Amino acid sequence: MRHDTNMENPRDKYPRPPFRKQQQPFPALTNRMVPIPDHGEDTYVGSGRLHGRRALITGGDSGIGRAAAIAYAREGADVAINYLPEEEEDAQEVVRLIELVGRRAFSIPGDITSEAFCQQLVQKAVKKMGGLDILVNNAAFQKSYPTILDIPAESFDRTMKTNVYAPFWITKAAVPYMEAGSAIIVTASVQAYDPEEVLLDYAQTKATNVILVKALAKQLGKKGIRVNGVAPGPIWTPLQVCSKDPEMIANFGASTAWGRAGQPAELASIYVQLADNSGSYSTGQIFGASGGGGHP
Ligand code: NAD
Ligand code: MG
């Protein structure tokens, strides 16, 4: 007798390496990737878990941030996304997908390496949505270099400003608006625990993301605000095709237990869980999704 189930084999759900060798200038665009990543457009089904919430997602135009934005909207949240002006095409697709399910979408482009912009971003999001209940610090810059001697000061500075300063500035501006039951989520990385030698400065920033989560969770405990992080492994997103050389892209994800890269869609439910009321005992935690490697 055939057993009725929706079970699927995670090994063969998605494209496997070798990927076509490809590279794009920063910040890369979704539709120029081959294959185009899966953000859950055809699969994510909501059930009102985030009804009426107001979420701000940095880097919400593409990759993991786009998957979170789609899931949040389908769970009943209004969503504001931040991204760079060069990514308008990606941002408009996310706005379209949010509005398609009857939620409000707000696009707020701008460069988060500026403290003044980070403050404006939060003010604008609060004004447009009427408040802020979920903050996802997800934007990041990554550039790989063979050794420490190859990392130019400007690249190091951009990595630090985008990945360390910006989440600090944005969170500092956002906390006064957040009430008990709100959630702050930071996208860290497997690199915080098990760094690749070519990602030295990026791995440093992702380790600071982990400590931001753990220390801030203690501070905000009394206010009833949860702070958690996500530590993805190799996920097929624009960040990768502008950071790594085409040879590395060809084998992207091959060394994981599944033998393939992850897709943004495979992380969306974690971002939902970390904002949903049902996850109320998790704060100061890091949730892994790395296909078998890493620590958390
Ligand atoms: P992505 O390229 O889709 O997202 C990164 C986003 O950062 C960009 O879309 C861009 O909008 C934003 N950004 C970069 N610099 C900015 C700036 N100066 N101002 C405003 N926005 C800026 O790639 P992704 O992989 O989905 O990245 C999302 C998060 O996931 C990042 O924090 C990244 O470190 C983390 N992560 C990714 C992987 C992976 O393998 N893709 C693995 C671990 C962690
Ligand atoms: Mg992008």
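Quick caveat: nothing in here was measured; it's all calculated off a predicted structure.

Caption draft 1: A look at the pairing of strand β2 (residues 78-83). With six of six residues buried, β2 is to be regarded as a mostly interior element. Burial along β2 is two-sided: the face carrying Asp78, Ala80 and Asn82 and the face carrying Val79, Ile81 and Tyr83 are both buried. Summarising the sheet, strand β1 (residues 54-58) and β2 pair through five bridges and their orientation is parallel. By the bridge assignment for β2, Ala55 is matched with Val79. Remark: the β1/helix α1 (residues 63-74)/β2 crossover connection has right-handed handedness.

Caption draft 2: View of the sheet that holds strand β5 (residues 183-187). The strand order across the open sheet built from seven strands is β3-β2-β1-β4-β5-β6-β7, with neighbouring strands paired in parallel fashion. This sheet does not close on itself; its edge strands, each paired only once, are β3 (105-109) and β7 (286-289). Recorded for the sheet is a direction-independent mean angle of 15° between the axes of neighbouring strands. The pairing of β5 with strand β6 (residues 226-232) spans five bridges and is parallel. Directly across from Ile185, in β6, lies its bridge partner Asn228. Lying over the sheet, helix α5 (residues 200-220) contacts β5, β6 and β7, oriented at roughly 165° with respect to β5.

Caption draft 3: Up close: the side chain of Arg66. Structurally, the position occupied by Arg66 is in helix α1. Classification of Arg66 by relative accessible area gives buried; the value is 4%. With residues up to four places along the chain from it excluded, the contact list for Arg66 reads Thr30, His39, Glu41, Gly59, Gly60, Asp61, Asp90, Glu93 and Val94.

Conventions adopted
- Residues numbered from 1 in each chain as written.
- Chains lettered and ligands numbered in written order.
- Predicted model: local features only at pLDDT ≥ 70, side-chain atom pairs only at ≥ 80, totals over all residues.
- Heavy atoms only, no water.
- Buried < 20%, exposed > 50% of the residue type's maximum accessible area, 1.4 Å probe, protein only.
- Helix = DSSP H or I, 4+ residues; strand = E, 2+ residues; numbered from the N terminus.
- Pairing = 2+ DSSP bridges.
- Right-handed = clockwise from strand over helix to strand, strands pointing away.
- Axes fitted to C-alpha atoms, helices over the stretch in contact; angles between N-to-C directions.
- Contact = heavy atoms within 4.5 Å.

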